[in-house]
Amino acid sequence: MAEKEEKGLKREEKKSHKEVHTDKRSSKYRKLIEHYKRRNKLIEAIIACVVIVLVFLLLCNRTFLKTEYSMKVNNSEITIPLPRFTYYVGSDGSKVIFKTLRKSTNTRQFFDDFLNTETFDIYYCGGKKDPYYYNEENKYFISSIEVKKGFAIKTITVNYSTVDKDLFCNTIETNDVVNEDEL
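Residues numbered from 1 in each chain as written. Predicted model: local features only at pLDDT ≥ 70, side-chain atom pairs only at ≥ 80, totals over all residues. Heavy atoms only, no water.

1. Section: the pattern of salt bridges
And then number 1: A complete count under the given rule lists two salt bridges for this structure.
And then number 2: Aspartate 112 is the salt-bridge partner of arginine 108, the closest N and O atoms lying 3.0 Å from each other. You can see arginine 108 and its partner aspartate 112 sitting in helix H2 (residues 104-115), four residues apart, about one turn around the helix.
And then number 3: In this structure, lysine 148 engages glutamate 146 in a salt bridge whose closest nitrogen and oxygen atoms are separated by 4.0 Å.
And then number 4: Take lysine 148: its relative accessible area is 49%, and that puts it in the partly exposed class. (Salt bridge = Lys/Arg side-chain N within 4 Å of Asp/Glu carboxyl O. Helix = DSSP H or I, 4+ residues; strand = E, 2+ residues; numbered from the N terminus. Buried < 20%, exposed > 50% of the residue type's maximum accessible area, 1.4 Å probe, protein only.)

Laid out in structure tokens, this is it:
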């Protein structure tokens, strides 16, 4: 019977010894799990901040949620309809630049349809084949709308002029002479 008691004590020692090892392992795993949870929360917070900043930038843009861009230049009010979700980049004295994710052929067709409406009269200057579009009501010319493909983003450049329609062809010919001299 004494042997049975010794065997029982040895079993209990083995059990307690195993419990110590499993406690060490489980505490190690708990720490590891807590570390991953903290890391995941940090990553989620960073992603949320980036998304909030992007949404803020898009909502503050002049054209992202609008379907037209308008600006006042001298006595002219230039209004350009845009496909939705077009991002305004900037403008200088004679052009406005936008970015979009839309397919370039659809974007090109959208602007061709816009230029071929009744609001524009088509002008040709000199021996040039390129048409210029004049808006009589708001008194401005659109000389071209370019849609350039990038990897995923397309760049839309609208070239305009607010010169009087009687002087417009003279300014085009003067610009061509200057450009040829630069070559």
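2. Quick notes on the side chain of serine 76
And then number 1: Within the secondary structure layout, serine 76 lies in strand S2 (residues 76-81).
And then number 2: From its side chain, serine 76 meets the backbone oxygen of asparagine 138 in a polar contact 3.4 Å long.
And then number 3: Not counting the four nearest positions on each side in its chain, serine 76 is found in contact with Met71, Asn138, Lys139, Tyr140 and Thr162. (Polar contact = N/O pair within 3.5 Å; in protein donor to acceptor, adjacent residues only side chain to side chain. Contact = heavy atoms within 4.5 Å.)

3. A short note on the pairing of strand S8 (residues 154-161)
And then number 1: Taken across its eight residues, S8 has eight buried, putting it largely inside the fold.
And then number 2: Side chains of S8 alternate between two faces, with Lys154, Ile156, Val158 and Tyr160 and Thr155, Thr157, Asn159 and Ser161 buried alike.
And then number 3: Note that strand S4 (residues 95-100) and S8 share six bridges and pair antiparallel. Residue pairing for S8: isoleucine 97 is matched across the bridge by threonine 157.
And then number 4: With seven bridges connecting them, strand S7 (residues 140-148) and S8 associate as antiparallel partners. Residue pairing for S8: phenylalanine 141 is matched across the bridge by serine 161.
And then number 5: With antiparallel pairing between neighbouring strands as the criterion, S7 and S8 make up a hairpin whose turn holds five residues. (Pairing = 2+ DSSP bridges.)

4. Looking at the state of the cysteines
And then number 1: Counted by the stated rule, this structure contains one disulfide.
And then number 2: Two residues, cysteine 125 and cysteine 169, share a disulfide whose sulfurs are 2.1 Å apart. Its S-S torsion of about -75° marks the bond between cysteine 125 and cysteine 169 as left-handed, since a negative value means left-handed. Separated by 44 residues along the polypeptide, cysteine 125 in the loop between strand S5 (120-123) and strand S6 (132-135) and cysteine 169 in helix H3 (residues 168-182) bring together distant segments of the chain.
And then number 3: By relative accessible area, cysteine 125 is classed as buried at 2%. (Disulfide = S-S within 2.5 Å.)

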